[in-house]
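Per-entry structural report
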Amino acid sequence: MTSPLYHETHRPQFHFTPARNWTNDPNGLVFYAGEWHLFFQHNPHGIKWGNMTWGHAVSPDLVHWTQLPNALEPDALGTIFSGSAVVDWANTAGMQTGAEPPLIAIYTSAGSEVKPPVPFTQSIASSNDRGRTWTKFAGNPVLGHIVGANRDPKVIWHAPSSQWVMALYLDGNDYALFGSPNLRDWTRLCDVAMPGISECPDFFPLPVDGDATRTLWVFWGAAGCYLLGAFDGRTFAPETDVLRAEWGANGYAAQTWSDVPASDGRRIQIAWMAGGKYPAMPFNQQFTFPVELTLRSTSQGVRLYRQPVRERELLRQRTQRWEQVTLQPGANLIPQTDCELFEVCAEIDPCEAQAVGLLVRGHDLCYDLSTGELSALDKRAAVALEGGRLRLQALIDRTSLEVFAQDGLVSMSSCFLPEAADWNLEFYTRGGAARLVTLEVHELASAWPAL
Ligand code: FRU
């Protein structure tokens, strides 16, 4: 018997997946007229990577997604690789046809995929109907080949210098910034090197500790790493080494939404969870839950924090809450539930413990006091206790576990395949008693339409 669409055994219930076939990177993230647009690398014809096309979904709340017809399909310049989208409020590109500003998509024409092969270049397309239909610019490409498989343009409006700024991946660990008055003519502004990192740049300013007078620019690379620095409209001057925000097994190619209204003011990011396994499913690959990014001062300097967006609360059903519970080794705390989707929020005082943690469907999310490391699904990250405490937030879906430690200073996005028999959540301590200062277990609803 075939399961109904969106309710198959391994279908994530509150993480975006295409109805059918392959996806990888999120693309063209833009908010317009009450809709969060999520375009995505998509193979409309197969369960594996290929025929790269921009799929499209929209959401009113970052949680419930409706997939729409594909937006951009391969053409003579190549298949459609990753890129971004903006609202062209001032019609700088001259592509507005009606009363509303157009959306402009900026993407890579991956020429090597067409016959005869042509080099990778950057192209644009416009939509005057809220992203439903797209017209490719007749003058494409708008940025010619520079080097190698240069790709993944991410564009932002930089008001102080009245220009569009594009971050582009070049080759090796090299990226560059380009400027344009109209999204059609681009000049190279500066080069940016990110040792060890390649693909899918993002580039945006954020206030430090919420102070709008203290802004740093974040230059992000696909592997979940970033540089912090200053940008004057021409040059990005890094002030840090490469720092890591994403420590999990699967977080990759994250991108942030453009044109989030000032009244909202958040910088919101979503990533591909690269490499998850979904046997016998009609889709392949899932995205992370959207996270809000902030910059905060720490004893090590300013760092990027990632926390799941507050809209997650829309999914909450029953909540169980504990306070000041002492956990003893061998006596696990097991919430009574037959739900399979959870948000867990815990503040833990490890007291005498050597290790504290959470078993998620037989997989161990463990904080080891002897090493100061948090481990989830075979990946490890150093996490320092703060005031002697560990704060953990976890989002648990059918085939993914996302962990945010110390309010999102460390995040780990990971995929797993559950054993049919393993449903429990269990909180444990080893080597000594630990105290659960607070523990909340929220049962979550599916974000897909009910059967
Ligand atoms: C990253 C990436 C991008 C490219 C796209 C192709 O996962 O390799 O660099 O544009 O995927 O699907």
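In what follows, the structure referred to is the one given above.
Not measured: the values here are computed from a predicted model.

A separate point is the overall build of the protein chain. Within the protein chain one finds zero helices and 34 strands. Its C-alpha radius of gyration of 22 Å places the protein chain within 12% of the 22 Å reference for a compact globule of 451 residues. Principal-axis analysis of the C-alpha atoms places the extent of the protein chain at approximately 70 × 55 × 40 Å. Looking at the 451 residues of the protein chain, the share that counts as buried comes to 58%. Pairs at least 24 residues apart make up 59% of the contacts formed inside the protein chain by residues separated by at least 6 positions. Entry remark: accessible area of the protein chain is about 17,300 Å², with carbon and sulfur atoms responsible for 51%. When the 33 positive and 48 negative side-chain charges of the protein chain are each reduced to one mean point, those points stand 1 Å apart.

As a further point, take the packing of aromatic side chains. In the structure shown here, the tally under the stated rule is 27 aromatic pairs. Taking 6.1 Å as the distance between ring centres and 75° as the angle between the ring planes, the aromatic pair formed by Tyr252 and Trp272 counts as edge-to-face. One end of the pair, Tyr252, is in strand β18 (residues 251-256); the other, Trp272, is in strand β19 (residues 267-273), and 20 residues separate them in sequence. Here the aromatic cluster, defined as three or more aromatic residues joined through ring pairs, consists of Phe16, Phe31, Trp36, Phe40, Trp65, Trp257 and Phe287.

Turning to the site of the ligand, a few remarks are in order. Around the ligand lies a shell of 13 residues, among which Asp25, Gln41, Arg151, Asp152 and Glu199 are the nearest. Asn24 places a side-chain nitrogen or oxygen 2.9 Å from an oxygen atom of the ligand. Interatomic distance of 2.6 Å between a side-chain N/O atom of Gln41 and an oxygen atom of the ligand. Out of a free accessible area of 320 Å², the ligand has 92% covered by protein chains. Those elements that provide at least two residues to the shell around the ligand are β1 (21-32), β5 (79-87) and β9 (151-158). Residues that form the shell around the ligand fall into these classes: six nonpolar, three polar and four charged.

As judged from the three bridges shared by β19 and strand β22 (residues 291-298), these two strands associate in the antiparallel manner. In the sheet register, Gln269 faces β22, and the bridge partner there is Val291. Relative to strand β23 (residues 301-308), β22 is paired through eight bridges, and the arrangement is antiparallel. Each bridged residue has a counterpart across the sheet, and for Ser297 the counterpart in β23 is Val302. Here β22 folds back onto β23, and the loop between the two strands holds two residues.

Below, the discussion takes up the sheet that holds β9. Pairing is antiparallel in the open sheet, where four strands are placed in the order β9-β10-β11-β12. Each end of this open sheet is capped by a strand with a single partner; those strands are β9 and β12 (187-193). Going across the sheet, the axis of each strand differs from the next one's by a mean of 25°, ignoring polarity. In the sheet, β9 pairs with strand β10 (residues 163-171) via six bridges, with the strands oriented antiparallel. The residue of β10 that forms the bridge with Ile156 is Val165.

All right, on to unusual backbone geometry then. A cis amide bond links Asn140 with the next residue in sequence, Pro141, at an omega value of 0°. Take Pro141: it is sitting in the loop between β8 (135-136) and β9. Here the phi dihedral of Asp209 falls at roughly 55°; this positive angle occurs in a residue that is not glycine. For Asp209, a relative accessible area of 43% corresponds to the partly exposed category. Look at Asp378: it is not a glycine, yet its phi comes out positive at around 70°. As for its placement among the helices and strands, Asp378 is situated in the loop between β28 (373-376) and β29 (379-382). Using a relative accessible area of 82% as the deciding quantity, one classes Asp378 as exposed.

What counts and how
Residues numbered from 1 in each chain as written. Predicted model: local features only at pLDDT ≥ 70, side-chain atom pairs only at ≥ 80, totals over all residues. Heavy atoms only, no water. Helix = DSSP H or I, 4+ residues; strand = E, 2+ residues; numbered from the N terminus. Rg over C-alpha atoms; globule rule 2.2 N^0.38 Å. Buried < 20%, exposed > 50% of the residue type's maximum accessible area, 1.4 Å probe, protein only. Contact = heavy atoms within 4.5 Å. Areas by Shrake-Rupley, 256 points an atom, 1.4 Å probe, with all protein chains shown as cover. Lys, Arg positive; Asp, Glu negative; His and termini not counted. Charge placed at Lys NZ, Arg CZ, Asp CG, Glu CD. Phe/Tyr/Trp six-rings, centres within 6.5 Å; stacked < 30°, edge-to-face > 60°. Near = heavy atom within 4 Å. Polar contact = N/O pair within 3.5 Å; in protein donor to acceptor, adjacent residues only side chain to side chain. Nonpolar A, V, L, I, M, F, W, Y, C, P; charged D, E, K, R; others polar. Pairing = 2+ DSSP bridges. Axes fitted to C-alpha atoms, helices over the stretch in contact; angles between N-to-C directions.

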